[in-house]
Amino acid sequence: MTFNPTFPVTPILETRNIVKQYAQHRALDDVSLSVPKGSIFGLLGPNGAGKTSLIRIINQITGPDSGEVLLAGQPLHPSHIQRIGYLPEERGLYKKMKVGEQLLYLAQLKGLTERQAMEKLKIWFTKFDIKPWWEKTVEDLSKGMQQKIQFVATVMHEPELIILDEPFSGFDPINANLIKDEILELRNNGSTIIFSTHRMESVEELCDYIALIDRSHKILDGSKKAIKEQFKTHTYHVDYQGDVGEMPAAFEVVNSQPADDGFTRADIRIPPDASVNDLVRVLLDRVAVRSFGENIPSMNDIFIKAVGK
Amino acid sequence: MKTIILILKREYLVRVKKKSFIVMTILTPVLMSAIWLLPVYLATKNTDQKKVQVIDDSDRFGKVFKTTDELAFSVTNQLIETAKKNFQKSGYDVLVYIPANIMDDPKSLKLYAEKNVSLGVESGIEDAVEQEIENQKLIAAGIDRKVLESTKVKVSASTYNLSDEGEKDSSSGAATILGYFFAAAIYFTIFLYGAQVMRGVLEEKTNRIVEIIISSVKPFQLMAGKILGVGLVGLTQFLLWILLTIGLSTALSAVMGGENLAQKRMEQAAVDRTVTPGASNMTPVSPAEAKAKKASQADMLTKVKNAVGTLDWTLLLICFGIYFVGGYLLYSALFAAVGAAVDNETDVQQFMLPITIPLILGFIIAQFVVREPDGPIAFWFSMIPFTSPIVMMVRVPFGVPIWEIALSVVLLIGGFIGVAWIAARIYRVGILMYGKKPSYAELAKWIFYKA
């Protein structure tokens with residue numbers, strides 16, 4: 001099953017006009033978000049924008065000064081803690097405690113019984129092939145191994161909403177891929193994932209929806225597709241051989257530079273209401289085209305553009 | 001509540017399973033028993049009797065030397081020169097020569113030995129000779145020794161006090177000791193286990209596990225679970241110490257075969273004082289005096305026993321329980337707040353001061369309170385929750401009106417609730433703060449942050 005973002009979905013999480021004030025500064029100012037159920041939701045923003053403050057409010061670690069948070073339509077309640085899994089950015093484990101004992105403890109804090117926890121952990125330990133770690137103390141594990149354990153601790157109680165703050169930091173590419181696959185599988189099994197990161201390539205790859213927070217305000221949100229649509233520049237890139245000569249006034253060559261083998265690469269902007277076909281026709285008449293395509297803004301571009309405003 | 005118990009269980013088990021806990025728990029009673037039993041053991045094992053040959057040219061001291069555990073005397077009629085010549089083969093350890101003119105020249109007493117003569121042996125012999133000379137001189141002067149002894153007044157015997165309830169043995173000696181003991185136990189427990197709470201909080205912070213935990217539980221639950229868990233560790237350790245010390249002492253004394261070990265110890269102590277002079281005991285003690293001392297020590301022992309019997313043990317132990325737990329809870333909440341406020345152990349010192357000052361103050365005040373258990377200082381400091389666990393425990397063995405105890409306990413509970421409230425608020429904010437070390441002003445602001 002693949003996710004179809006155009007299909008109308010009920011939000012699993014809504015924040016309404018959240019304000020959080022600390023002594024000197026306002027960490028969140030009127031932030032309203034809606035996270036569709038079953039999506040992977042990217043919560044983006046530069047350092048210190050207020051992402052962690054928002055995540056802590058959702059996890060009931062702190063409360064908002066005003067505004068409300070709804071989980072599946074209900075105002076946040078202490079019992080909701082069990083339905084959320086949270087992997088903080090600043091994360092660690094008890095160093096002297098054995099891995100198995102520690103996970104059982106954390107699962108019980110999330111409301112699982114010891115037996116339930118044991119069953120769930122067995123599945124995860126088999127899946128990650130880490131059974132021999134059960135009796136090891138955490139300090140005997142490498143950092144990457146500890147990250148895996150932390151990931152298991154986050155998801156073992158099968159939460160409906162999983163919040164991952166910079167989940168890939170500290171992972172090597174192989175383990176990062178493993179976690180990426182797990183995230184997708186969790187989503188496909190019905191969980192919703194909120195995913196806070198600076199790494200735009202993983203946003204590009206995983207997220208269905210994003211929200212961008214900058215200096216305590218939400219400045220952008222929506223489906224990734226819609227946002228890309230919103231940010232597209234109507235420019236097309238073309239690789240060609242020959243000389244285009246004087247282009248019609250509607251088509252503006254914004255960038256042109258020689259590529260290899262005597263080819264030239266150019267970016268051409270067209271008016272929003274113009275037809276791409278017209279551009280292609282003009283080009284075909286004049287030069288030998290090797291490749292042609294639309295310049296779709298990357299998340300990185302959008303991030304820089306939106307935050308830099 | 002279920003969550004607090006879960007946390008408590010982890011805090012308790014992690015600490016109890018630690019090697020250092022097990023080692024400390026076992027080693028301390030072993031050391032305590034050793035300190036108590038080693039001197040007794042050594043004293044009872046010391047059967048190394050020295051043989052002393054006496055040559056008495058003055059013919060006055062034949063019956064003066066009585067064989068003891070340490071010294072076996074035998075008077076021989078030999079010329080001193082021959083005895084000296086044969087000494088090495090004779091099997092004697094010490095040779096004593098009393099010249100004929102000993103009465104006129106007491107310094108002419110001579111001791112010969114192969115190795116150096118121990119001070120104990122020397123003074124034992126000196127004492128015997130000295131006393132006999134004294135006796136003979138008294139007889140010569142016509143004074144009866146008994147008359148002389150009756151003139152010696154024992155000033156130290158007048159330590160009886162008259163209490164309100166008539167002529168009851170005063171328990172002030174025992175009360176002082178008990179008061180100190182209780183105060184010290186509370187003082188050290190607070191420091192020992194309060195610091196453990198602080199380190200535990202700090203560990204969670206530096207491990208960065210705290211945010212994972214408080215996404216599942218309320219910060220207050222985490223703090224409460226930790227304080228209670230460590231407190232239970234403390235109680236467990238104390239209980240094990242007491243049981244093991246009693247068990248070990250009993251077992252060891254049984255092994256040594258002395259059912260009257262304590263008695264022997266007392267006697268031994270008395271004997272030690274006559275035979276082995278310490279640095280301060282250079283003037284010899286006469287056997288009569290030693291006997292008197294022994295008697296007075298035995299008297300002391302029964303006195304202490306009686307005094308201990310007159311104390312209200314039920315009240316004492318209830319009070320100890322309340323102040324022990326109350327004091328620990330009050331201070332460990334503060335220790336937890338300090339642990340939450342800082343990032344690493346080196347920054348702890350700054351915030352420890354406000355915690356340690358009232359504790360140390362309480363301990364200092366205790367010294368005055370022992371002297372004046374009903375004075376205004378004693379009263380007020382046994383009401384202030386920060387000092388009452390120590391100061392009140394010093395007062396209780398002397399007898400304190402129930403209403404004072406009740407008021408002090410109510411204040412302590414109130415104080416604990418107030419302190420825990422403040423500590424919980426500092427804790428709640430502090431555990432998620434990394435980086436800069438906060439100032440007191442910032443801590444004060446944390447207290448009023450909205451949750």
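In this text the structure is predicted, and so the values were computed from the model without any measurement.

Novice: Where do I start with the overall build of chain A in this structure?
Specialist: Secondary structure summary: chain A contains nine helices and 14 strands in total. Reported as C-alpha extents along the three principal axes, the dimensions of chain A are approximately 75 × 45 × 40 Å. Out of the 309 residues in chain A, the part that is buried amounts to 37%. Long-range contacts, defined as pairs at least 24 residues apart, comprise 71% of the intrachain contacts of chain A with a sequence gap of at least 6.

Novice: In this structure, what is going on with the overall build of chain B? I would like to understand it.
Specialist: Across its full length, chain B holds 16 helices and four strands. The long-range share in chain B, meaning contacts at least 24 apart out of those at least 6 apart in sequence, stands at 74%.

Novice: What should I look at first to understand the interface of chain B and chain A in this one?
Specialist: Interfaces are often sized by the accessible area lost when the parts come together. Across the boundary between the two partners, chain B contributes 17 residues, which contact 22 residues of chain A. Counting only elements with at least two residues in the side of chain B that touches chain A, the list comes to helix H1 (2–16) and helix H7 (210–214) of chain B. The class makeup of the residues in the side of chain B that touches chain A is eight nonpolar, four polar and five charged.

Novice: Just checking my understanding: could you explain the nonpolar core for this structure?
Specialist: Soluble, globular proteins show a tendency: their nonpolar side chains are buried together. Residues and elements named next belong to chain B. Core analysis: the biggest nonpolar cluster contains 133 residues, and Ala336, Ala337 and Met393 have the highest contact counts within it. Tallying contributions element by element places helix H11 (residues 313–341) first for this core, with 15 residues. Every residue in contact with Met393, bar those within four places of it in the chain, is listed here: Gly179, Phe182, Ala183, Ile186, Cys319, Phe320 and Tyr323. Of all hydrophobic cores here, the second largest spans 18 residues; its members include Leu71, Ala83, Ile102 and Ile125.

Novice: I would appreciate a short explanation of the packing of helix H8 (residues 219–255) of chain B against H11 of chain B in the present structure.
Specialist: For any two helices packed against each other, one specifies the crossing angle of their axes together with the interaxial distance. Residue and element names in this part refer to chain B. The interhelical angle for the contact between H8 and H11, taken along N-to-C directions, is 130°, at an axis separation of 10 Å. The orientation of H8 with respect to H11, classified from their angle, is oblique. When you trace H8 past H11, the crossing you get is right-handed. Side by side, H8 and H11 meet where Met223, Lys226, Ile227, Val230, Gly231 and Gly234 of the first sit next to Tyr328, Leu329, Ser332, Ala333 and Ala336 of the second.

Novice: Quick question: what am I supposed to make of the pairing of strand S11 (residues 235–241) of chain A here?
Specialist: Residues in a regular strand point their side chains to alternate faces of the sheet. Inspection of the sheet shows S11 of chain A paired to strand S13 (residues 264–269) of chain A by six bridges, in the antiparallel sense. Looking at the pairing, Tyr236 of chain A lines up with Ile268 of chain A of S13 of chain A.

Novice: Explain the sheet that holds strand S2 (residues 26–36) of chain A here, please?
Specialist: The pairing of strands in a sheet happens through backbone hydrogen bonds and is either parallel or antiparallel. Residue and element names in this part refer to chain A. Taken together, four strands build an open sheet; the order of strands is S2-S1-S4-S5 and the sheet is antiparallel. Both edges of this open sheet fall to S2 and strand S5 (74–75), since each of them pairs with a single strand only. Pairing analysis gives two bridges linking strand S4 (residues 66–71) to S5, with the strands arranged antiparallel. Bridging from a neighbouring strand, Leu70 pairs with Pro75 of S5. Packing of helix H1 (residues 51–58) onto the sheet brings it into contact with strand S1 (11–21), S2 and S4, and relative to S1 it is tilted by some 120°.

Novice: Could you clarify how one ought to interpret the domain arrangement of chain B in this entry?
Specialist: Assigned domains within chain B: domain 1 (2–37 + 169–261 + 304–447) and domain 2 (50–148). The distance between the C-alpha centroids of domain 1 of chain B and domain 2 of chain B comes to 59 Å.

Novice: How do you make sense of helix H4 (residues 143–155) of chain A when you look at a structure like this?
Specialist: The terminal C-alpha atoms of H4 of chain A lie 19 Å apart, and with 13 residues this matches the ideal 18 Å at 1.5 Å per residue to within 8%. Close packing links the buried residues of H4 of chain A with strand S6 (84–87), helix H2 (99–109), helix H3 (114–127), strand S7 (161–165) and helix H5 (173–188) of chain A together with H7 of chain B.

Novice: Hey, could you run me through unusual backbone geometry in this one?
Specialist: A negative phi angle is the norm for most residues apart from glycine, just as the trans form is the norm for most peptide bonds. Residues and elements named next belong to chain A. We note that Asp30 has phi near 55°; this positive angle belongs to a residue other than glycine. Looking at the element boundaries, Asp30 is found in strand S2. You will see that Asp129, though not glycine, has its phi angle at about 55°, which is positive.

Novice: Explain the sheet that holds strand S3 (residues 40–44) of chain A to me, please; I cannot follow it from the model alone.
Specialist: Residues and elements named next belong to chain A. The six strands are arranged S6-S7-S8-S3-S9-S10 in an open sheet whose pairing can be described as mixed. In this open sheet, the two edge strands, each paired with only one partner strand, are S6 and strand S10 (217–223). Averaged over all pairs of adjacent strands, the angle between their axes in this sheet comes to 15°, without regard to strand direction. For S7 and strand S8 (residues 192–196), the ladder comprises five bridges, and the chain directions are parallel. By the bridge assignment, Ile162 is partnered in S8 with Ile193. Helix-sheet contacts for helix H7 (residues 224–231) involve strand S9 (209–214) and S10, and the interaxial angle to S10 is about 110°.

Novice: Looking at this structure, I do not really get the packing of helix H12 (residues 348–371) of chain B against helix H14 (residues 388–395) of chain B. What am I missing?
Specialist: Residue and element names in this part refer to chain B. Packing of H12 against H14 leaves a shortest axis separation of 9 Å and a crossing angle of 20°. Relative to H14, the element H12 lies roughly parallel. Judged by the twist between their axes, the crossing of H12 over H14 is right-handed. Contacts from Gly362, Phe363, Ile365, Ala366, Val369 and Val370 of H12 reach H14 at Ile390, Val391, Val394 and Arg395.

Novice: Would you explain the pairing of S2 of chain A in this entry?
Specialist: Residue and element names in this part refer to chain A. Bridge count between S1 and S2: seven bridges; the pairing is antiparallel. Considered in S2, the bridge of Lys20 is made with Leu28. Where S1 folds back on S2, the antiparallel hairpin that results is connected by four residues.

Novice: Teacher, can you tell me more about the environment of Ile210 of chain A here?
Specialist: Residue and element names in this part refer to chain A. Examined against the element boundaries, Ile210 turns out to sit in strand S9. As a C-alpha pair, Ile210 and Gln150 span 60 residues in sequence and 24 Å in three-dimensional space. In this structure Ile210 touches Gly42, Leu44, Val203, Asp221, Lys224 and Ile227, once residues within four positions along its chain are discounted.

Novice: In this structure, what is going on with the environment of Glu89 of chain A? I would like to understand it.
Specialist: All names here are of chain A. Take Glu89: it is sitting in the loop between S6 and H2. Residue Glu89 is classed as partly exposed on the basis of its C-beta count, with 16 C-beta atoms lying within 10 Å. It is 19 Å that separates the C-alpha atoms of Glu89 and Gln102, two residues lying 13 residues apart in sequence. Ignoring sequence-local partners within four residues, the contact set of Glu89 consists of Thr52, Asp165 and Glu166.

Novice: Explain the confidence of the model for chain B to me, please; I cannot follow it from the model alone.
Specialist: Do not read the fine detail of predicted coordinates wherever pLDDT is low. All names here are of chain B. Averaged over all residues, the pLDDT of chain B is 78; the fraction at 70 or higher stands at 79%. Here helix H9 (residues 261–275) stands out as the element of chain B with the lowest mean pLDDT, 46, in contrast to H1, whose mean of 92 is the highest. Note that residues 156–169 has pLDDT below 50 and, in this model, eleven contacts with residues that lie over four places away or in other chains. Throughout residues 258–262 the model reports pLDDT below 50, and contacts reaching past four residues in sequence, or to other chains, amount to six contacts. This prediction of the complex comes with two scores: 0.73 for pTM and 0.82 for ipTM.

Quick notes on the rules
Residues numbered from 1 in each chain as written. Chains lettered and ligands numbered in written order. Predicted model: local features only at pLDDT ≥ 70, side-chain atom pairs only at ≥ 80, totals over all residues. Helix = DSSP H or I, 4+ residues; strand = E, 2+ residues; numbered from the N terminus. Buried ≥ 20, exposed ≤ 12 C-beta atoms within 10 Å, placed from the backbone. Contact = placed C-beta atoms within 7 Å. Nonpolar A, V, L, I, M, F, W, Y, C, P; charged D, E, K, R; others polar. Core = buried A, V, L, I, M, F, W, Y, C linked by C-beta atoms within 7 Å. Axes fitted to C-alpha atoms, helices over the stretch in contact; angles between N-to-C directions. Parallel < 35°, antiparallel > 145°, perpendicular 65-115°, else oblique. Left-handed = near helix turned anticlockwise from the far one by under 90°. Pairing = 2+ DSSP bridges. Domains from an automatic or database assignment. Expected span 1.5 Å × (residues − 1). pLDDT = per-residue confidence, 0-100.

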